[in-house]
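# Results of the structural survey
Okay, here's what each chain looks like letter by letter:
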Amino acid sequence: MRYPDLPYLTWARGLYGRVRLDLGSSNASTPSWEDLQMSPADVPLHADQREGPPGLFELLAQTYTFEPDQVAIGAGASGVMSQVCRALLTPGAGDHVVCEAPVYDPLKGLPEGMGAQMTYVRRSGPGGSGGIDPSAVIDALRPSTRMVVLTSLHNPSGRQIPSPTLAAIAAAAQSVGAFVVVDEVYLEFLGPDAAPAARLSPAIISVNSLTKVLGLGGLRIGWALCQDRSLVDRVRRCFLHASVNLASPSVAIGMQALRRRETLIGRSRAGLGEARDTVQAWADGRSDVRFHAPDAGQVAWLELTWPGASGRALSDTLLHDHGTIVAPGEFFGEPAGIRLGFGRAPEVLDEGLTLLSEALDALT
Ligand SMILES: Cc1ncc(COP(=O)(O)O)c(C=O)c1O
């Protein structure tokens, strides 16, 4: 296997957490021990030898109205995605994968690395903000297609894929023996009752984690939900081979976060509507940008509208002159834009938009 470079991830890892002002991040801030209503003394350090962390499958099943044997776990959504790829794809077998674009790097890197033949279906609109055409995905299916990769809410546009679109794609995928993997790490920015896509069809696998909406990416806990128990069993086997178990301190904290998820989701969503409106009003006041508001969440696409516009030049200027980070559009295949993360306190967002204006003025 030859895993391709992951330009976005490599760039992001070197910068996030090291800059003065962050207008790039897609995850909610990390909750405190107080938010979690627990303390370090509640966290066990011993290894648990049982198969799977006790109670975690049940808790996830109860949270999402699935059965425990319809749940698989892994090290974050990334770990789960790698297990799903290994469960569905056979290197050297000529497997075909349909993947949306623009897409978060590793979602295509994994199947590419396993040698799958890739067909990319581009979402319409700047940054994919116009959504995905189900007929384009369905037309791309082949008898050898094993997997369709989608995200909802989408990174970078924050757009949700409507249920009828997902159901139509799933029905077509099922007819060629493929599964639809829906990365839903941003799902609960829609609210705690947002339903996983896997409810719609046994051909859909929903992948989610504690990283984005609950702000607990450091725990590295993710899960997959699927009505098809035999697929879940294969995904679990991949986990057993690769990892044996999750880190028991993480599981203790993660389970407490899941018990308190409604409160924590509320905390993460608070102020996002106002922040989005602030960005919209700022963008409406300028002639060199167009803001494509998300359905939910704290990231969205900012289109740069002047001739020859470069999101990378804007990002570099912001970083070097103002210690501020935004994600350049080139990492999503669209150089004339940036992904803007606006989940910030009002005064921080105001300062960030002022700096963004200064950087734009310097470039246009
Ligand atoms: C669409 C998408 N999936 C997965 C991840 C990573 O999730 P995790 O930290 O749970 O591995 C990210 C992080 O940026 C993402 O944007």
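About the thresholds
Residues numbered from 1 in each chain as written. Predicted model: local features only at pLDDT ≥ 70, side-chain atom pairs only at ≥ 80, totals over all residues. Near = placed C-beta within 6 Å. Helix = DSSP H or I, 4+ residues; strand = E, 2+ residues; numbered from the N terminus. Nonpolar A, V, L, I, M, F, W, Y, C, P; charged D, E, K, R; others polar. Domains from an automatic or database assignment. Contact = placed C-beta atoms within 7 Å. Buried ≥ 20, exposed ≤ 12 C-beta atoms within 10 Å, placed from the backbone. Arc of directions from axis to C-beta. Axes fitted to C-alpha atoms, helices over the stretch in contact; angles between N-to-C directions. Parallel < 35°, antiparallel > 145°, perpendicular 65-115°, else oblique. Left-handed = near helix turned anticlockwise from the far one by under 90°. Core = buried A, V, L, I, M, F, W, Y, C linked by C-beta atoms within 7 Å. Pairing = 2+ DSSP bridges.

### Quick look at the site of the ligand
Close contacts around the ligand come from 13 residues, with G76, A77, S78, S209 and T211 the closest. Top element by residues in the shell around the ligand is helix 4 (residues 76-88). It accounts for 3 residues. By residue class, the composition of the shell around the ligand is 3 nonpolar, 9 polar and 1 charged.

### Side note on the domain arrangement of the protein chain
Splitting the protein chain by domain gives domain 1 (7-29 + 271-363) and domain 2 (38-263). Listed as interface residues are 22 residues of domain 1 and, on the opposing side, 24 residues of domain 2. Looking at the side of domain 1 that touches domain 2, the elements with two or more residues in it are helix 1 (7-15), strand 10 (299-304) and strand 13 (337-341). In terms of residue count, strand 10 provides more of the side of domain 1 that touches domain 2 than any other element does, 4 residues in total. Here the residues of the side of domain 1 that touches domain 2 sort into 10 nonpolar, 8 polar and 4 charged.

### Some thoughts on helix 3 (residues 56-64)
Within helix 3 the residues assigned to the buried category are L56, F57 and L60. The buried residues of helix 3 all sit within an arc of 100° when viewed along its axis, so they share a single face. Packed against the buried residues of helix 3 are strand 2 (71-74), strand 8 (222-225) and helix 9 (248-259). Immediately beyond the C-terminal end of helix 3, within one or two residues, lies T65, with a positive phi of roughly 55°.

### What about the packing of helix 4 against helix 5 (residues 105-113)?
The N-to-C vectors of helix 4 and helix 5 enclose an angle of 30°; their axes lie 10 Å apart at closest approach. Classified by the angle between their axes, helix 4 and helix 5 sit roughly parallel to one another. The handedness of the crossing between helix 4 and helix 5 comes out as right-handed. Judged by residue contacts, S78, M81, S82 and C85 of helix 4 engage P106, L107, L110 and P111 from helix 5. The class makeup of the residues in the contact of helix 4 with helix 5 is 6 nonpolar, 2 polar and no charged.

### Notes on the nonpolar core
Core analysis: the biggest nonpolar cluster contains 78 residues, and V84, V148 and V180 have the highest contact counts within it. At 7 residues, the largest contribution of residues to this core is made by helix 4. Once you skip the residues sitting within four places of it in the chain, V84 turns out to touch V181, I205, V207, A224 and V235. Listed in part, the 28 residues of the second largest apolar core include V326, F331, L353 and L355.

### Side note on the sheet that holds strand 5 (residues 145-151)
Judged by pairing direction, the sheet is mixed, and its 7 strands sit side by side in the order 2-8-7-6-5-3-4 without closing on themselves. For this open sheet the edge positions go to strand 2 and strand 4 (117-122), each flanked by a neighbour on one side alone. Between one strand and the next, the sheet's axes are offset by a mean angle of 20°, whatever the strand orientation. Where strand 2 and strand 8 come together, 4 bridges link them in antiparallel fashion.

### Observations regarding the environment of G308
Take G308: it is sitting in the loop between strand 10 and helix 12 (311-322). By C-beta crowding, G308 is classed as exposed, having 9 other C-beta atoms within 10 Å. Expressed as a C-alpha distance, the spacing of G308 and M118, which sit 190 residues apart in the sequence, is 30 Å.

### Here's the deal with the environment of P335
Among the structural elements, P335 can be located in the loop between strand 12 (327-328) and strand 13. Among the residues examined, P335 registers 17 C-beta atoms within 10 Å and is labelled partly exposed. Spatially, the C-alpha atoms of P335 and A75 are 32 Å apart, while their sequence positions differ by 260 residues.

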